[in-house]
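These are the residues of each chain, in order.
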There are 2 protein chains.
Amino acid sequence: MSAEAFHSHLAALRAQVEAALAESVRRAEWPESLRSAVEYSLMAGGKRLRPILVLLASEVCGGHPADAMPAACAIEMIHTYSLIHDDLPSMDNDDYRRGRLTSHKVYGEALAILAGDCLLTLAFETLAGSELDAGRRVELVRVLGAAAGGRGMVGGQVLDLEAERGSFLAKLSAETAGAQDPDSAGVLNSCRNMSNQTSETRVEELTRIHRMKTGALIAASLEMGAVSAGASSERRQKLREYGHCIGLAFQIADDLLDVTGDAAKLGKTPGRDIDLGKLTYPALLGMDASRQKATALIQDACESVQIFGDSSQHLQELARFIVERDH
Amino acid sequence: MSAEAFHSHLAALRAQVEAALAESVRRAEWPESLRSAVEYSLMAGGKRLRPILVLLASEVCGGHPADAMPAACAIEMIHTYSLIHDDLPSMDNDDYRRGRLTSHKVYGEALAILAGDCLLTLAFETLAGSELDAGRRVELVRVLGAAAGGRGMVGGQVLDLEAERGSFLAKLSAETAGAQDPDSAGVLNSCRNMSNQTSETRVEELTRIHRMKTGALIAASLEMGAVSAGASSERRQKLREYGHCIGLAFQIADDLLDVTGDAAKLGKTPGRDIDLGKLTYPALLGMDASRQKATALIQDACESVQIFGDSSQHLQELARFIVERDH
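Model, not experiment: these values are computed from the prediction.

1. So, the overall build of chain A
The number of helices and strands found in chain A is 16 helices and two strands. Out of the 327 residues belonging to chain A, those deemed buried represent 56%. For chain A, the computed accessible surface area is about 13,200 Å², with 49% contributed by carbon and sulfur atoms.

2. Quick word on the side chain of B:Ser90
For B:Ser90, the location among the structural elements is in the loop between α4 (65-86) and β1 (96-97). Those residues in contact with B:Ser90, other than ones at most four positions away along the chain, are A:Glu109, A:Ala110, A:Ile113 and B:Arg165.

3. Observations regarding the environment of A:Gly62
All names here are of chain A. The residue Gly62 is located in the loop between α3 (49-60) and α4 (65-86) in this model. Residue Gly62 is classed as exposed on the basis of its relative accessible area of 64%. For Gly62 and Ala231, which are 169 residues apart along the polypeptide, the C-alpha to C-alpha distance reads 8.4 Å.

4. Some details on the packing of aromatic side chains
Scanning the model with the defined rule gives three aromatic pairs over all chains in all. Taken together, a centroid distance of 5.7 Å and an interplanar angle of 70° make the contact between B:Tyr40 and B:Tyr107 edge-to-face. With a gap of 67 residues between them, B:Tyr40 in helix α2 (residues 32-42) and B:Tyr107 in helix α5 (residues 103-107) connect regions that are remote in the sequence. With respect to class, B:Tyr40 is no different from B:Tyr107; both count as buried. One cation-aromatic arrangement involves A:Arg100 over A:Tyr40; the distance from NZ or CZ to the ring centre is 3.9 Å.

5. Regarding the packing of α3(A) against helix α11 (residues 233-260) of chain A
All names here are of chain A. Their axes nearest at 12 Å, the elements α3 and α11 cross at an angle of 150°. The angle between the axes of α3 and α11 places the two elements in the roughly antiparallel class. Relative to α11, α3 is oriented so that their crossing is right-handed. Residues Leu49, Arg50, Leu53, Ala57 and Val60 of α3 lie in contact with α11, whose contacting residues are Arg235, Leu239, Tyr242, Ile246 and Phe250. Tallied by class, residues from the contact of α3 with α11 come to eight nonpolar, no polar and two charged.

6. Let's talk about unusual backbone geometry
Positioned with a positive phi, A:Asn93 is a non-glycine residue whose angle comes to about 55°. With respect to the helices, strands and loops of the structure, A:Asn93 is situated in the loop between α4 and β1 (96-97). Looking at A:Asn93, the relative accessible area reads 42%, which means it is partly exposed. Residues other than glycine seldom take positive phi values, yet B:Arg98 does so here, at roughly 50°. Examined against the element boundaries, B:Arg98 turns out to sit in the loop between β1 and β2 (100-101). With a relative accessible area of 34%, B:Arg98 lands in the partly exposed category.

7. A look at the interface of chain A and chain B
The accessible area lost on association of the parts is a frequent measure of interface size. Contact residues are listed per partner, giving 50 residues for chain A and 50 residues for chain B. When the two sides are added together, the surface that chain A and chain B hide from each other amounts to roughly 3,900 Å², 71% of it contributed by carbon and sulfur. Between B:Glu125 and A:Arg151 there is a salt bridge, with its nearest N and O atoms 3.3 Å apart. Applying the counting rule to chain A against chain B returns six residue pairs in polar contact (both at pLDDT 80 or more). In terms of residue count, the dominant contributor to the side of chain A that touches chain B is helix α6 (residues 109-128) of chain A (twelve residues).

8. Quick notes on the relation of the copies chain A and chain B
At an RMSD of 0.0 Å, chain A and chain B line up after a rotation of 180° and a shift of 0.0 Å along the axis. The two molecules are tied by a two-fold rotation axis, judged by turn and shift. Interface overlap between copies is the fraction of interface residues in one copy that are interface residues in the other; for chain A against chain B it reaches 100%, indicating a shared surface.

9. Here's the deal with the state of the cysteines
Residues and elements named next belong to chain A. Scanning the entire structure with this criterion turns up zero disulfides over all chains. The thiol of Cys73 is unpaired, and the distance to the nearest cysteine sulfur, on Cys118, comes to 14 Å. For Cys73, a relative accessible area of 5% translates into the label buried. The thiol of Cys302 is unpaired, and the distance to the nearest cysteine sulfur, on Cys245, comes to 9.4 Å. For Cys302, a relative accessible area of 9% corresponds to the buried category.

10. Observations regarding the confidence of the model for chain A
Residue and element names in this part refer to chain A. Of the residues in chain A, 85% have a pLDDT of 70 or more, and the chain-wide mean is 89. Here residues 173-195 scores under 50 on pLDDT; set against residues more than four positions off or in separate chains, the count is 29 contacts. Two summary scores accompany this predicted model of the complex, namely pTM at 0.90 and ipTM at 0.90.

11. Structural notes on the pattern of salt bridges
Following the criterion strictly, the structure yields 26 salt bridges over all chains and no others. Here B:Arg291 ties to B:Asp288 by a salt bridge, and the two come within 3.4 Å at their closest N and O atoms. Of this pair, B:Arg291 and B:Asp288 both sit in helix α15 (residues 287-304), separated by three residues, roughly a single helical turn. Given the relative accessible area of 41%, B:Arg291 is considered partly exposed. One salt-bridge network, held together by shared partners, links A:Glu139, A:Arg142, A:Glu223, A:Arg236 and A:Arg240.

12. Here's the deal with helix α1 (residues 3-27) of chain B
For α1(B), built from 25 residues, the straight-helix expectation of 36 Å at 1.5 Å per residue is met to within 8% by its first-to-last C-alpha distance of 36 Å. Along its buried surface, α1(B) packs onto α2, α3 (49-60), α4 and α16 (313-324) of chain B.

13. Examining the environment of A:Gly145
For A:Gly145, the location among the structural elements is in helix α7 (residues 134-148). We classify A:Gly145 as buried; its relative accessible area is 0%. Leaving out residues up to four positions away in the same chain, A:Gly145 has contacts with A:Phe124, B:Thr121 and B:Glu125.

14. A look at the packing of α1(B) against α16(B)
Residues and elements named next belong to chain B. Interhelical geometry of α1 versus α16 gives an angle of 90° and a closest axis separation of 11 Å. Considering the angle they form, α1 stands roughly perpendicular to α16. Each of Phe6, His7, His9 and Leu10 in α1 lies in contact with α16, whose residues at this interface are His314, Glu317, Leu318 and Phe321. Of the residues in the contact of α1 with α16, the class split is four nonpolar, three polar and one charged.

Thresholds, definitions, all that
Residues numbered from 1 in each chain as written. Chains lettered and ligands numbered in written order. Predicted model: local features only at pLDDT ≥ 70, side-chain atom pairs only at ≥ 80, totals over all residues. Heavy atoms only, no water. Helix = DSSP H or I, 4+ residues; strand = E, 2+ residues; numbered from the N terminus. Buried < 20%, exposed > 50% of the residue type's maximum accessible area, 1.4 Å probe, protein only. Areas by Shrake-Rupley, 256 points an atom, 1.4 Å probe, with all protein chains shown as cover. Contact = heavy atoms within 4.5 Å. Phe/Tyr/Trp six-rings, centres within 6.5 Å; stacked < 30°, edge-to-face > 60°. Lys NZ or Arg CZ within 6 Å of the ring centre and 35° of its normal. Axes fitted to C-alpha atoms, helices over the stretch in contact; angles between N-to-C directions. Parallel < 35°, antiparallel > 145°, perpendicular 65-115°, else oblique. Left-handed = near helix turned anticlockwise from the far one by under 90°. Nonpolar A, V, L, I, M, F, W, Y, C, P; charged D, E, K, R; others polar. Buried area = accessible area lost by both parts, 1.4 Å probe. Salt bridge = Lys/Arg side-chain N within 4 Å of Asp/Glu carboxyl O. Polar contact = N/O pair within 3.5 Å; in protein donor to acceptor, adjacent residues only side chain to side chain. Least-squares fit on C-alpha atoms with pLDDT ≥ 70 in both. Disulfide = S-S within 2.5 Å. pLDDT = per-residue confidence, 0-100. Expected span 1.5 Å × (residues − 1).

If you want it as structure tokens, here you go:
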């Protein structure tokens, strides 16, 4: 298959996702300001990586695209809510996302929080309201709930904030960092722990954070595509493995782009992660070893989906594309 | 049935709910700080009104209590997350809730937001992971999603914030309220509209807000009890009606308590709603007319559940208790 055919297939899937998401907002009976805030973030473009993964996984399992679309939309709703909440002043405090002002800069913090809550709820309502048989719908809710909650994405965000604050506080003296600030409660301890850690332990910690924070949702995308198509548990498992590998590779590629990327393409200031003292793969392993790790993960991903034979071509192409992209 | 027997039945149900909620937190594999924050809010006591309504509705439909417990826990998780998010500085900015510091005062804003997100997600995961047949589980997710999202609780909170800010901004001149503050964008218009409203229109607006913000979840509690028990659609409908009536009566009783209540019993400062310029029933209708409205709603509620005959006694007692309580 040519790269051109692959990219035109991705573009077609992306267009279907955009249309389905737009329809779900159009149909919703919400107060106008809430609709506007949800639409602003949900329809902001982006790569639509997760819903495309749902659709590709369903495809490789022989499923019908229409059956996978509710799961594709649900996962993008979860991803979008997490971006809105992560950008808040009390979290990452970002003013820009994909080159546009973040939700709370446009709508204020209160409406941004509520737009996130609305999207999180809508994701599960969308899964429950589909035309699939009840057994598949309930399984989709279960998989998404496990991936998005405290032992998945939300838990990963908690660990990430703690690691960041630990490393930030490590720069301050124990006198200035303080017991008065509830945000730093308990963090001083983990910061003392971190300074004693070997680099290997810190790579493990970073990998655990990413596996939860971004990997869980990407693996769930693939599993949900398989569930929508009624795939066997072996196929579900292989697609999950593929998801965890590309999820981590995607994160390493992101870290690398933060060092080498172009502000206009990224839609954010390069070097910001380093300025924030964030734990990143390039910072812990160096640039070359990070690139090698990403490449090895992509190989593992491609091996996981070999059981699908030739029909896994799209998934293999996508895995490679993830580490070669420039934004 | 004696009042004593009724209250001891409520106490028994509450104890079962406490145990099931504690178990769901104990079982969860989350980062320790997240577990602590979730537990702090979820296990803070409270009346457990919504889960008790789930169990009573299931009871009146002949369901087994164990079948209704996942729905009972899920609804309390949603209620708790909404309290955590509503208390945030950018929303109602409350330092105390039920006489204890609010989540963000103890854990910081970031962890409070994430604990809310975690509970919201866990609610749906709990429903999907129960032992009920898949058809009932998926229906529970659908009912809860509809009640908790943008056309229910979250939408009601958006309208409530806008109404409050509208009335706050009405006190300021158009020059000082401003285009610079994103929180007030679009609000100036609704504030101009409100000052032209008749008192009747404002009662309608207030009723719409409460129907969404608190009524939807209370009605869903009853409907979910019925769904858990596999009740007919007529019984579901009657229980929903009962729920909407007691939900509104509960809110009016809350507004009345804010004027007449005792700080120690309320766990908050009385008169706060009025100080904040909140739209309340006593402010719009006066105390006597508000009390009459609450009484009429309780009568309607009791009529709705007459189809259950003698077994509706608990629901009737509870309806009366809601307007007679002192905290």
